[in-house]
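# Remarks on the overall topology
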Amino acid sequence: MTASTIDSRDDLISYLHAAMALEHATIPTYLTAYYSIHSATNSDAAHIIRVVAVEEMLHLTLAANVLNAIGGTPDLTAPGFVPSYPAYLPDGEDDFTVDLRPFSPEAVETFCKIERPGKAPSGSSRLVRASDNGRPLLAASPTAKGMRFYSIGEFYEEIIEGLEKVAADDPGLFCGHPALQVGPEYFYSGGGTVITVSDLDSARRALRFIAAQGEGLDSGIHDADGELAHYYRFRQLQLGRYYQVGDHPDAPSGPPLSVSWDDVYRLKVSARLADYPAGSELAGAARKFNADYEAFLALLTKAFNGKPDLLQDAVWYMFRLRDGFNRLVRNPLPGSDGLHAAPTFEIPNAVGPGPDAARTAGGTAQAVTR
Amino acid sequence: MTSQSFEEFLVLSVDLTAFEETDLLGTGLAHQYLAKVRDACGDEVVTALLDAHRAARADAGDGAGSHDRALLDRALRHRIFSDDRLGPVARNVVKLWYSGTWYGLPPEWTDRYGARTAAETSTVTAASYQEGLLWPAIGANPPGARAPGYGSWAQPPRIEDRYLRGEGK
């Protein structure tokens, strides 16, 4: 067993910031694949990706709840919160990068790597030395320099053990105001209920839930509620069949699943604003999407800092982002051999949330004042 | 269908709808709309419409690729909208983009110009209703489709700045 990399509340806070960044980092990549699919086609694939993306949003909320419960301050507008794609995952896994690509076998391969089961061979191998390949590692271990985690599951296991250890020494660890918690009245979706966190037990449940829904450390296909873990949801796309309860991980025996790799907009992989013709309408549309996304993250930051009812507004923002996504992916990107445009998720000025940041940042459409 | 005539149809549609090319392509339906106009009116009418539009742009051009909007407006009225054959088709192209529906041209038009299918009203695809420019123009969502989020209807419509400021003319 390696020594814990978490010794204090501050350590926990930096880990939970990394956890929020990690949960978020997967969302643009899943959404890019999702919106690249021609509407009314590929319903199996679209459904699978959509469910996972929505559950990542739940995980983001759960990580925010744990962070709030120990007196931290969630900030989705902090510089670096949105990775520059292609990026390494913020938990430190460094054998693959996450990029923004259209729905394709390569995309599904990456999704499986993100969600892969990852129980380290032994407790002592949870932390491994990060390879020095010159690329920026986003967070890895926030406290142990040069170390990364074996998997997302092990990353969360480290946080849970850290919480147990710090809570044992500090009875006042869970000092966050209960009003900061996002409860099920503000967040609901198909896959799982949001857990409010007020003590070690609820924190453990929230974090275990995240890990189990992703892939689980126990490598089960289904979690305790009978939900298929994300890794196996994506494996279905590779294997062409749905899983049934009792299946061996390599041999799903459910109904066949049809995938049409051609009914997809061929997007430029991890497009950057620099790929857009300077000064073009299309560049303006891409910039507007980023500004809308920045405003959306500022709104979420406020929601996670005592205004959970703003999550209702966030739903409207998400629908607008959907429309912006669709508009971009249907436009050919000039000078890229017929590839199509896509959001770049480059957030221009990631600054702290001002009082009205969400209402005013970016966007050319505004509500008519009454 | 040549890619050149598609490009020309896009530019024509920009002038007719006052929406940007990015918005038009963003509906995902531009190719289907051109095909619809061709099916309804025939290639000859479409070619004449694109020719007239090119001529109108030339009338209003400054020779350096820019246009005087007032001149272009006048040239479009002169060369297209007041033309017995092209005017009704151009107005139908506007309606097609805004509503996603091809509205049947009157019998007088089909009797004279022959394209019988132009008289039939039809929707292009189920998506064309959702993608109608009507909805962004009035800051609303297509009822029953493309959900804007629960309760969003309690908010004022979101209208593009350029319309609020009365720009564009």
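These numbers were taken from a predicted model, which means no experiment stands behind them.

### A few points about the interface of chain B and chain A
A common way to express how large an interface is: the accessible area buried when the components associate. With 25 residues of chain B at the interface, the matching set in chain A holds 22 residues. A buried area of about 2100 Å², summed over both sides, lies between chain B and chain A, and 48% of it is on carbon and sulfur atoms. Three residues, B:T22, B:P156 and B:R158, lead the burial of chain B against chain A; their summed loss comes to 28% of the area buried on that side. Joining chain B to chain A, the criterion identifies three salt bridges. The salt bridge involving B:R146 is made with A:D323; its shortest N-O contact spans 3.6 Å. Joining chain B to chain A, the criterion identifies nine residue pairs in polar contact (both at pLDDT 80 or more). Contributions of two or more residues to the side of chain B that touches chain A are made by α2 (21–26), β3 (158–160) and α10 (161–164) of chain B. With five residues, the single largest contributor to the side of chain B that touches chain A is α2(B). Considering only residue class, the side of chain B that touches chain A consists of nine nonpolar, eight polar and eight charged.

### What about the side chain of B:H53?
Mapped onto the elements of the fold, B:H53 is located in helix α4 (residues 43–60). B:H53 has contacts with B:E8, B:V11, B:L12, B:D15, B:L76 and B:I80, leaving out every residue within four places of it along the chain.

### Side note on the pattern of salt bridges
Under the counting rule described, the total for this entry stands at 22 salt bridges over all chains. We note a salt bridge from B:D23 to A:R327, for which the minimum N-O separation is 2.3 Å. One end of the pair, B:D23, is in helix α2; the other, A:R327, is in helix α8 (residues 311–329), on a second chain. Accessibility expressed as a relative area gives 14% for B:D23, which makes it buried. Of the charged contacts, one joins B:R57 and B:D15 as a salt bridge, the two residues approaching to 2.9 Å between their closest N and O atoms. On the criterion of sequence distance, the pair formed by B:R57 in helix α4 and B:D15 in helix α1 (residues 3–17) is long-range, its members being 42 residues apart. Look at B:R57 and you get partly exposed, because its relative accessible area is 24%.

Definitions and limits used
- Residues numbered from 1 in each chain as written.
- Chains lettered and ligands numbered in written order.
- Predicted model: local features only at pLDDT ≥ 70, side-chain atom pairs only at ≥ 80, totals over all residues.
- Heavy atoms only, no water.
- Contact = heavy atoms within 4.5 Å.
- Buried area = accessible area lost by both parts, 1.4 Å probe.
- Salt bridge = Lys/Arg side-chain N within 4 Å of Asp/Glu carboxyl O.
- Polar contact = N/O pair within 3.5 Å; in protein donor to acceptor, adjacent residues only side chain to side chain.
- Helix = DSSP H or I, 4+ residues; strand = E, 2+ residues; numbered from the N terminus.
- Nonpolar A, V, L, I, M, F, W, Y, C, P; charged D, E, K, R; others polar.
- Buried < 20%, exposed > 50% of the residue type's maximum accessible area, 1.4 Å probe, protein only.

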